[in-house]
Amino acid sequence: MAEVITNAATNESAFPSDITDPEDHLSGRETAAILLMIFGEDEAADILSRLQPSEVQSLGEAMFKISNVSEDEVNVVFDRFVEQARSRTSIGYRADKQIKSMLDKALGNSRAANMLSRITPPQDHPELQQLKWMSVDEITEMIVGDHPQMMAVVLSFLDPEIAGCVLQTLPAEIQNDVVYRVATMGSVSANALTDIETLLSRQVQKPDVVIGPRSSGTSEAAAIMNNVAKPTENRIIKALLKRDKAVARAIEEEMFVFADLIALEDKSLGTLIRSVENARLLFALKGADSDLVKKMFSCMSKRAAQSIQDEIADMGPVSKDDVIAAQKQIVTQARLLAEDGKIILGGQSDEFV
């Protein structure tokens, strides 16, 4: 039941302000919201307890918006629910208990236990899932007095948007150290996870959910950095360059990639294109997304764009490594031009008024 409602809650169809034609205008979220409101409070609460925070929020918003639901609309909701439920089986429901029972009967308790220890997926440290339900202020309060390594581990388990907000609330003098530790962390040790569980046990109740192992690196650090304010980003990157230039550059590369050039204004993109050697541009465009290619051509003269298109058509297959290398060189050039104030990369315009 929860799975069917979750699928409906995360439906990306339009969310109309009014429900007029139940067949055409009931979105997935509205369908799930109406179904939940038909249930009793206990049944609805049990279903909501199995969902992720974003899913609960989505359903909550839908429940507030629906009103004056007609009998026809309720019938449509039930029809949709029955249709989805019929297409599912019970395979996988409470699979852990079913598998254990079968192995116990087939092998005996002792041998079954040994077998289960080898085949059961990791389900350690369920407390960490509670981080998803905590506010930025609560997470900051929990870790602010701890070691930067512990802060880094906690941030690595958060969604990048939340991690970026938490990072900005930490003392400025330790922010770059925390980002560096995220970038160089690798696999999170069992001891570190236990320490986080101890922190969480002081603040929240233990949830009945599980997560798998986690590791971090420059990609995770870059994702966090992409969600902090530009002044904070510049200050942290500057500090990281002094501490470890290779790590800082690796984070920068992950923060801004060739595909992100599509977010540049035409003027900046045109300036960048004119600063790049023609041969390098050919290789980079050969493996680029069609929308980005189209935008880059629009920033050139018709003659130049046609010339490059003809050259690309005559190139034939090229090495993927050569394409990636050319794209990285252009991204590096874009970063240098931005540092000189000649172009504005995505998000930088927020600093100007």
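Residues numbered from 1 in each chain as written. Predicted model: local features only at pLDDT ≥ 70, side-chain atom pairs only at ≥ 80, totals over all residues. Heavy atoms only, no water.

What about the overall build of the protein chain?
Right, on to step 1. Scanning the protein chain for helices and strands turns up 21 helices and two strands.
Right, on to step 2. Within the protein chain, buried positions represent 39% of all 353 residues.
Right, on to step 3. Of the roughly 20,700 Å² of accessible surface on the protein chain, 49% is carried by carbon and sulfur atoms. (Helix = DSSP H or I, 4+ residues; strand = E, 2+ residues; numbered from the N terminus. Buried < 20%, exposed > 50% of the residue type's maximum accessible area, 1.4 Å probe, protein only. Areas by Shrake-Rupley, 256 points an atom, 1.4 Å probe, with all protein chains shown as cover.)

A look at the pattern of salt bridges
Right, on to step 1. Here the structure, examined in full by the defined rule, presents three salt bridges.
Right, on to step 2. We note a salt bridge from Asp177 to Arg243, for which the minimum N-O separation is 2.6 Å. Placement of Asp177 in helix α12 (residues 172–183) and of Arg243 in helix α15 (residues 230–243) is noted, with a sequence separation of 66 residues between them.
Right, on to step 3. With a closest N to O distance of 2.5 Å, Arg249 and Glu252 form a salt bridge. Pair noted here: Arg249 and Glu252 are both in helix α16 (residues 245–255), with a separation of three residues, about one helical turn.
Right, on to step 4. Taken together, the salt bridges that share partners define one network made up of Asp177, Arg181 and Arg243. (Salt bridge = Lys/Arg side-chain N within 4 Å of Asp/Glu carboxyl O.)

Some thoughts on the nonpolar core
Right, on to step 1. Counting residues in each nonpolar core, the largest one holds 41 residues, and the members touching the most others are Ile143, Leu155, Leu167 and Ile251.
Right, on to step 2. For this core, the secondary structure elements donating two or more residues are α9 (136–143), α10 (148–156), α11 (160–169), α12, α13 (190–201), α14 (218–225), α15 and α16.
Right, on to step 3. In this view, Ile251 contacts Val179, Ala183, Thr218, Ala221, Ala222, Met225, Ile237 and Leu240; residues no more than four positions away in its chain are not counted.
Right, on to step 4. By size, the runner-up hydrophobic cluster in this structure holds 30 residues, among which are Val276, Met296, Ala305 and Ala338. (Core = buried A, V, L, I, M, F, W, Y, C linked by side-chain atoms within 4.5 Å. Contact = heavy atoms within 4.5 Å.)

Some points on the side chain of Arg335
Right, on to step 1. In this structure, Arg335 sits in helix α21 (residues 320–339).
Right, on to step 2. A polar contact is formed between the side chain of Arg335 and the backbone oxygen of Glu252, at a distance of 3.0 Å.
Right, on to step 3. Excluding its chain neighbours within four sequence positions, the residues that come into contact with Arg335 are Arg249, Glu252, Glu253, Phe256 and Leu345. (Polar contact = N/O pair within 3.5 Å; in protein donor to acceptor, adjacent residues only side chain to side chain.)

Side note on the packing of helix α18 (residues 278–286) against α21
Right, on to step 1. Between α18 and α21, the shortest axis-to-axis distance is 8 Å and the interhelical angle comes to 115°. Regarding α18 and α21, the two cross each other, and that crossing is left-handed. Residues Arg280, Leu281, Phe283, Ala284 and Lys286 of α18 form the contact with α21, whose participating residues are Asp322, Val323, Ala326, Gln327, Gln329 and Ile330.
Right, on to step 2. For the contact of α18 with α21, the class distribution of residues is six nonpolar, two polar and three charged. (Axes fitted to C-alpha atoms, helices over the stretch in contact; angles between N-to-C directions. Left-handed = near helix turned anticlockwise from the far one by under 90°. Nonpolar A, V, L, I, M, F, W, Y, C, P; charged D, E, K, R; others polar.)

Notes on the environment of Val154
Right, on to step 1. By secondary structure assignment, the location of Val154 is in helix α10.
Right, on to step 2. Separated by 28 residues in the primary sequence, Val154 and Val182 place their C-alpha atoms 9.5 Å from one another.

Points about the side chain of Glu233
Right, on to step 1. Its location among the elements puts Glu233 in helix α15.
Right, on to step 2. Those residues in contact with Glu233 that lie beyond four places of it in its chain are Met225, Val228 and Met255.

Points about the confidence of the model for the protein chain
Right, on to step 1. Summary statistics for the protein chain give a mean pLDDT of 76 and a share of 75% for residues scoring 70 or more.
Right, on to step 2. Taken element by element, the predicted model of the protein chain shows its lowest mean pLDDT in helix α2 (residues 22–25) (50) and its highest in α12 (92).
Right, on to step 3. Every residue in residues 9–24 scores below 50 in pLDDT, and together they form 33 contacts with partners more than four places removed in sequence or on other chains.
Right, on to step 4. Low pLDDT, under 50, characterises residues 347–353; the stretch is placed with seven contacts to residues that sit more than four places away or in other chains. (pLDDT = per-residue confidence, 0-100.)

Brief notes about the packing of α18 against helix α20 (residues 302–315)
Right, on to step 1. α20 packs onto α18 with a crossing angle of 65° between their chain directions and a minimal axis gap of 10 Å. Here α20 runs roughly perpendicular to α18, going by the angle between their axes. In the packing of α18 onto α20, the handedness of the crossing is right-handed. Within the contact between the two elements, α18 uses Asn278, Leu281, Leu282, Phe283, Leu285 and Lys286 and α20 uses Ile308, Glu311, Ile312 and Met315.
Right, on to step 2. By residue class, the composition of the contact of α18 with α20 is seven nonpolar, one polar and two charged. (Parallel < 35°, antiparallel > 145°, perpendicular 65-115°, else oblique.)

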